[in-house]
Amino acid sequence: MTNLRVGHGYDVHRLVPGRKLVLGGVEIPWETGLLGHSDADVLVHAVIDALTGAARLGDIGKLFPDTDPAYKGISSLKLLEETGHLLEEKGFAVVNIDASLLAQAPKVAPYKARMAENIAVALRIESEQVNVKATTEEGLGFTGDGSGMAAHAVVLVERLRV
């Protein structure tokens, strides 16, 4: 049995007025924010789902249900920290994370390094193990028309102990 496992995560949230826009744990000035039970950080949610998939821990909804008032408004970085602790308990270490944000606007290039650093700190890994990218969808679909944002993440984890 191999000690390496790959996980893929995907998340999507609607953009609405009256909410802060938080991506990768960075609050970005914008006229709308992502709707969700927590801070709705679509990028971090995709990373959590990728990690839980690689370690066979279920998914973000199983671990942190949106029906639980304890998670109302919570920082997704806190959920990521908890996911990191669960991975460690199961004997897994993160090898690398590659995450992509799909959004027409705002431009997030100035924030990508901080996003990667926030994810790394939450998981107690080096920032060089985290890559964050962003792309528009050329005006197509719900991300292209500005009604929502989506994110994909792929992770590689290594099982250090059984």
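It should be noted that the structure appears before, not after, this text.
Criteria and cut-off values
- Residues numbered from 1 in each chain as written.
- Predicted model: local features only at pLDDT ≥ 70, side-chain atom pairs only at ≥ 80, totals over all residues.
- Heavy atoms only, no water.
- Helix = DSSP H or I, 4+ residues; strand = E, 2+ residues; numbered from the N terminus.
- Expected span 1.5 Å × (residues − 1).
- Contact = heavy atoms within 4.5 Å.
- Polar contact = N/O pair within 3.5 Å; in protein donor to acceptor, adjacent residues only side chain to side chain.
- Axes fitted to C-alpha atoms, helices over the stretch in contact; angles between N-to-C directions.
- Parallel < 35°, antiparallel > 145°, perpendicular 65-115°, else oblique.
- Left-handed = near helix turned anticlockwise from the far one by under 90°.
- Nonpolar A, V, L, I, M, F, W, Y, C, P; charged D, E, K, R; others polar.

**Student:** I tried to follow helix α3 (residues 76–89) on my own but got confused; where do I start?
**Tutor:** Counting along an α-helix, one turn takes 3.6 residues, and residues three or four places apart therefore face a common direction. Counted at 1.5 Å a residue, the expected span for α3 with its 14 residues is 20 Å, and the 20 Å between its end C-alpha atoms agrees. In the core, the buried residues of α3 are packed alongside α1 (42–54), α2 (60–63), β5 (92–102) and α4 (112–123). The N-terminus of α3 is capped by serine 75, whose side-chain oxygen sits 3.2 Å from the backbone nitrogen of leucine 77. The first or second residue beyond α3 is glycine 91, which carries a positive phi of 85°.

**Student:** How do you make sense of the packing of α1 against α3 when you look at a structure like this?
**Tutor:** Two quantities define a packed helix pair, namely the angle between the axes and the distance from one axis to the other. Remark: α1 packs on α3, axes separated minimally by 10 Å, with the N-to-C direction vectors making an angle of 15°. When the axes of α1 and α3 are compared, the pair comes out roughly parallel. Between α1 and α3 lies a crossing whose hand is left-handed. Contacts between α1 and α3 involve Val44, His45, Val47, Ile48, Leu51 and Thr52 from the first element and Ser76, Leu77, Leu79, Leu80, Thr83 and Leu87 from the second.

**Student:** Help me understand the packing of α1 against α4, please; the structure alone is not making it clear to me.
**Tutor:** At a minimum axis separation of 11 Å, α1 and α4 run at an interaxial angle of 40°. Viewed along their axes, α1 and α4 adopt a mutual orientation that is oblique. Like other packed secondary-structure pairs, α1 and α4 cross with a definite hand, here right-handed. For the pair formed by α1 and α4, the contact residues are Leu43, Val44, Val47 and Leu51 on the first element and Met115, Ile119 and Leu123 on the second. For the contact of α1 with α4, the class distribution of residues is seven nonpolar, no polar and no charged.

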